[in-house]
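One letter stands for each residue in the lines below.
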Amino acid sequence: MKILVYSHSASFYGAPKSILDLTNELKKDNRYEIIYIIPEQGQLEKRLIQEKYNYLILPNPQWIVSERPRNYSQWYYFKYLAKSLYFFLSSMHTTYRTHTQIVSEVNPDLIIVNTSVAPLGLYVSRWLKIKSVLWMREPICNKMGWRVPTLFPRMYVGHVLNKADLVLGPSKYLKDYVERAFGISRMQVLPNAIDFIPKLSKELPAYKFGMVGSISERKGQLDFFMAMLKHMPEANLIIYGAGTNDYAQKLYKIASKYPEKINMYGYESDLNKIYSSFDIYVNMGIDETFGRTTVEAMRAGRLVFGRRSGATPEIIKNGENGFLFDKADEVFEILKKYDTDEGFKQLSIIRERGKNDSLKYLPESIIKKFMTIVKNHK
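Residues numbered from 1 in each chain as written. Predicted model: local features only at pLDDT ≥ 70, side-chain atom pairs only at ≥ 80, totals over all residues. Heavy atoms only, no water.

1. Focus on the sheet that holds strand β12 (residues 303-307)
Then, in step 1: If you walk across this open sheet you meet the 6 strands as β10-β9-β8-β11-β12-β13, and the pairing is parallel. Edge positions in the sheet fall to β10 (262-264) and β13 (323-325), since each has one partner strand and no second. Taking the axes of each pair of neighbouring strands and ignoring which way they run, one obtains an average angle of 20 degrees across the sheet.
Then, in step 2: One ladder, built from 3 bridges, connects strand β9 (residues 236-240) with β10; its direction is parallel. If you follow I239 over to β10, its bridge partner there is M264.
Then, in step 3: Here helix α8 (residues 246-255) sits on the sheet and contacts β9 and β10; the angle it forms with β10, its principal contact strand, is near 130 degrees.
Then, in step 4: Across the sheet, helix α10 (residues 292-299) lies against β8 (208-212), β11 (280-283) and β12, angled at about 170 degrees from β11, the strand it touches most. (Pairing = 2+ DSSP bridges. Helix = DSSP H or I, 4+ residues; strand = E, 2+ residues; numbered from the N terminus. Axes fitted to C-alpha atoms, helices over the stretch in contact; angles between N-to-C directions. Contact = heavy atoms within 4.5 Å.)

2. Comments concerning the sheet that holds strand β3 (residues 54-57)
Then, in step 1: In spatial order, the strands read β3-β2-β1-β4-β5-β6-β7; together these 7 strands make up an open sheet with parallel pairing. If you trace the sheet from one side to the other, it starts and ends with β3 and β7 (188-189), each paired once.
Then, in step 2: Of the pairings in the sheet, the one linking strand β2 (residues 33-38) to β3 comprises 4 bridges and is parallel in character. Across the sheet, residue Y36 finds its bridge partner in β3, namely Y55.

3. With respect to the packing of aromatic side chains
Then, in step 1: By the definition in use, this model includes 20 aromatic pairs.
Then, in step 2: Relative to F224, the ring of F209 lies with its centre 5.2 Å away and its plane at 70 degrees, an arrangement referred to as edge-to-face. A residue pair is termed long-range when its members are at least 10 positions apart, and F209 in strand β8 and F224 in helix α7 (residues 221-231) qualify at 15 residues.
Then, in step 3: Given the relative accessible area of 0%, F209 is considered buried.
Then, in step 4: Between F224 and F332, the ring centres sit 5.4 Å apart and the planes meet at 20 degrees, which makes this aromatic pair stacked. (Phe/Tyr/Trp six-rings, centres within 6.5 Å; stacked < 30°, edge-to-face > 60°. Buried < 20%, exposed > 50% of the residue type's maximum accessible area, 1.4 Å probe, protein only.)

4. A look at the environment of H159
Then, in step 1: In this fold, H159 is placed in helix α5 (residues 154-161).
Then, in step 2: Among the residues examined, H159 registers a relative accessible area of 49% and is labelled partly exposed.
Then, in step 3: Residues H159 and E217, 58 residues apart in the sequence, show an inter-C-alpha distance of 31 Å.

5. Looking at the pattern of salt bridges
Then, in step 1: Following the criterion strictly, the structure yields 11 salt bridges and no others.
Then, in step 2: Between K172 and D176 there is a salt bridge, and its shortest N-O distance comes to 2.9 Å. Here K172 pairs with D176, and both are found in helix α6 (residues 172-182), just 4 residues apart, close to one helical turn.
Then, in step 3: With relative accessibility at 27%, the residue D176 sits in the partly exposed group.
Then, in step 4: Residues joined by salt bridges that share partners form a network here, namely K17, D21, R292 and E296. (Salt bridge = Lys/Arg side-chain N within 4 Å of Asp/Glu carboxyl O.)

6. Observations regarding the nonpolar core
Then, in step 1: Core analysis: the biggest nonpolar cluster contains 36 residues, and M136, I140, L161 and F182 have the highest contact counts within it.
Then, in step 2: Those elements that provide at least two residues to this core are β1 (2-6), β2, α3 (74-106), β4 (110-113), α4 (120-128), α5 and α6.
Then, in step 3: Ranked by the residues each element gives to this core, the list is headed by α6, at 5 residues.
Then, in step 4: Aside from chain neighbours lying at most four places away, what touches F182 is I140, C141, R154, V157, G158, L161 and Y177.
Then, in step 5: Core analysis: the second largest hydrophobic core is formed by 34 residues, F225, L251, A255 and L303 among them. (Core = buried A, V, L, I, M, F, W, Y, C linked by side-chain atoms within 4.5 Å.)

Now the structure itself:
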């Protein structure tokens, strides 16, 4: 069986990382041939070369657009939208013919479109009558949380997404959103595969917190740091991730005043380095569609805290394998309740449960479910 994967990005985090973990497992079976289409050179290409994949570099236009910044002129934003729409349509027109020709030569049995932000693969699969899987990763058109606006109205976006033969998503939260937003009720929930076997899982002295992900208001790094200074000034915070937005700039400025309290390391690909550097993982994300970093932290034996939002409660069972919270202040309230000899014993049990629960997201488990879904679809 020949499978063609459309990746919207050449980066190596989030959606590209999740699909590669899955296809790496699938590629172990010689019955499957995997080919990637990526939009440009980047970290994903390096990994494809390392893992000996066949791949093509072809443009893959995205139909999402950044929201209007605060205090930005409505007129200038309208011009920006018009210009973005023109470039998207022009790019789709010039690339569609190239893609259909090349994909017809590849002649795959299945096309996986690994995101909903770049729809070209859906048009190509429909034109060539090749079975398609749309693997949605984000609540596109959402005006809250992720805020992923598109160049087109929601009705049209839903019409295009519905062209896929199969629609998959990593959480019940995203499934419910897609049904509310687009009236698409046939999404099947399949968690992300996470191929991470920690080399180090020892516990570190409390309290050293860690946060992983791009720096943004939705991820809440600054909010957590300010809460930490207020409730537990003796603690430390380590952040892996980067950002150029106003929120990130504000965090960098404040962090420069507390170099002994916060360390910022930017993007890091070595998961062992990330999860061996702190003791407690905090996911402040709003409307997370899965929670890959939460599962990785659990697998590394870290105590995990996650905001009671999006798909996070589908991974963290409060008080069993981690803790849920609504506001950052609650993290410190919970930790103080467990600040006894007996409490530390309970936290060790919770860590172990989290580590065991994380194993159900191993690629070999997810790939069986994926192939069952594909084979059962008529």
